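# Examining the three-dimensional arrangement
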Amino acid sequence: MKDFEYFAPKKVEECLSLLSQYKKEAKIMAGGQSMLVLMRHGLLSPEYVIDVKGLSEMEYIDYDEGKGLRIGALTTHRDIEKSPVIMKYFGVLSEMERNLATIQTRNWGTIGGNLCHGDPAGDPAVVLIALNAKLKLIRQGQQRIIDMEKYSKDLLEVDLESEEMLTEIQVPIQRPRTGIAHEKLMVMQGDAGIVGAAVSITLKPGNGICEDARIALSNAASIPLRAKDAEKRLTGKEINIALLDEASQVASQEADPPSDVHGSAEYRREMIKVFVRRAAIMALERAKKG
Ligand SMILES: Cc1cc2nc3c(=O)[nH]c(=O)nc-3n(C[C@H](O)[C@H](O)[C@H](O)COP(=O)(O)OP(=O)(O)OC[C@H]3O[C@@H](n4cnc5c(N)ncnc54)[C@H](O)[C@@H]3O)c2cc1C
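Residues numbered from 1 in each chain as written. Predicted model: local features only at pLDDT ≥ 70, side-chain atom pairs only at ≥ 80, totals over all residues. Heavy atoms only, no water.

Let's shift gears to empty space enclosed by the protein. Overall, the coordinates contain 1 cavity of 30 Å³ or more when judged by the stated rule. Estimated volume of the largest cavity: approximately 50 Å³. The residue inventory of the lining of the largest cavity, partitioned by class, reads 6 nonpolar, 3 polar and 1 charged. (1 Å grid on protein atoms, 1.4 Å probe; cavity = no way out; pocket = protein on both sides within 12 Å on 5 of 7 lines; lining within 4 Å. Points joined across faces, edges and corners; volume = space filled by probe spheres on them. Nonpolar A, V, L, I, M, F, W, Y, C, P; charged D, E, K, R; others polar.)

Written out as structure tokens, the structure reads:
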């Protein structure tokens, strides 16, 4: 690994000042779990590493009945998994975290690091797209809010300037009669998903017609993919199994999955059908209860 200069700022402002000073030569490190792998393989060689793990002001979970959920970017996967407020109001986030890696990895890895790494196989991104979440990005004297679904640009590339940092994930209150579920194909519990699907379904009051649907897929393209054509098959209709089969089929056609040692593109397309269908059935059941 190439030598680098190490900083451990005590305040966010200090971190922003370092980013502004060193720009592309600097890289933020949160848990380091993805970043150090890239550095060890020589794929990333920052001159300056800014270790933000000690910035406790970015580690929080806040819930407000009007504004919704706000998660600090340095919150660990394990804290999200175990948060009573998340279990109560956003159970799908807790379920997703339970299937993400091992307890050791969840204890140290952060939600912000996961999203900024930009891995299309990542689990949080698709669930947050289904939840219509937003991200807060700040740089010295400026901030912007961006939709989670617009954050990914390409494989391991996100909409993050070199002087910016992700500080917060914002999840709106879900409408009544909304059900959300996440399913991923794992060889063993906690494995990275060969494919994954997060589905949100909102039903109209009274008649069970689908008012809104959001479907997001992991490891199905170079970015976490929103399957908008599949969503359109559900919206405005009464959902039954035949319709879910059709939507799952459309989602698999929208995908452009990779081929690798874990599965061919063809296999992934088949599995996308299965996992979209599974997640949609669960989301529908939850929507009927909600
Ligand atoms: C063995 C193993 C198994 C895993 N399995 C899964 C899995 O099943 N599903 C899954 O989704 N993930 C999985 N992961 C990824 C893991 O969940 C972590 O979230 C991920 O490694 C990144 O978190 P980190 O805090 O370590 O980030 P880092 O490695 O420190 O950072 C990752 C990237 O984000 C940038 N960054 C970090 N924080 C910020 C910030 N606040 N603002 C701007 N840029 C920032 C860094 O500069 C770097 O480019 C696994 C990881 C390991 C090691």
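There's plenty left to go through after this.
With that out of the way, let us pick up helix α1 (residues 12–22). Taken together, the buried positions of α1 are V12, C15, L16, L18, L19, S20 and Y22. Its buried side turned inward, α1 meets β1 (5–7), β2 (26–29), β3 (48–51), β6 (134–139) and β10 (165–171). After α1 finishes, the residue K23 shows a positive phi value of roughly 45 degrees. (Buried < 20%, exposed > 50% of the residue type's maximum accessible area, 1.4 Å probe, protein only. Helix = DSSP H or I, 4+ residues; strand = E, 2+ residues; numbered from the N terminus. Contact = heavy atoms within 4.5 Å.)

Attention shifts here to the nonpolar core. Of all hydrophobic cores here, the largest spans 49 residues; its most connected members are L93, L115, L128, L131, M148, M165 and I169. Secondary-structure elements contributing two or more residues to this core are α1, β3, β5 (68–72), α5 (91–98), α7 (111–117), α8 (123–130), β6 and β10. Among the nonpolar cores identified, the runner-up in size contains 34 residues, and L203, L234, F275 and A280 belong to it. (Core = buried A, V, L, I, M, F, W, Y, C linked by side-chain atoms within 4.5 Å.)

Here the focus is the packing of aromatic side chains. For the structure shown, the criterion picks out 5 aromatic pairs. On the basis of an interplanar angle of 25 degrees and a centroid distance of 5.8 Å, the ring pair of F7 and Y22 is categorised as stacked. Taken together, the positions of F7 in strand β1 and Y22 in helix α1 put the pair 15 residues apart, joining distant regions of the chain. For the pair F7 and Y22, a shared accessibility class is recorded, and that class is buried. (Phe/Tyr/Trp six-rings, centres within 6.5 Å; stacked < 30°, edge-to-face > 60°.)

Moving on: the site of the ligand. In the region of the ligand, 31 residues are neighbours, and I28, A30, G32, S34 and T110 sit closest. The backbone of A30 places a nitrogen or oxygen atom 2.7 Å from an oxygen atom of the ligand. With respect to the ligand, the backbone of G32 contributes an N or O atom lying 2.6 Å from an oxygen atom. Contact with the protein chains covers 85% of the free accessible surface of the ligand, which is 960 Å². For the shell around the ligand, the leading source of residues is α7, giving 4 residues. Taken together, the residues of the shell around the ligand break down into 14 nonpolar, 13 polar and 4 charged. (Near = heavy atom within 4 Å. Polar contact = N/O pair within 3.5 Å; in protein donor to acceptor, adjacent residues only side chain to side chain. Areas by Shrake-Rupley, 256 points an atom, 1.4 Å probe, with all protein chains shown as cover.)

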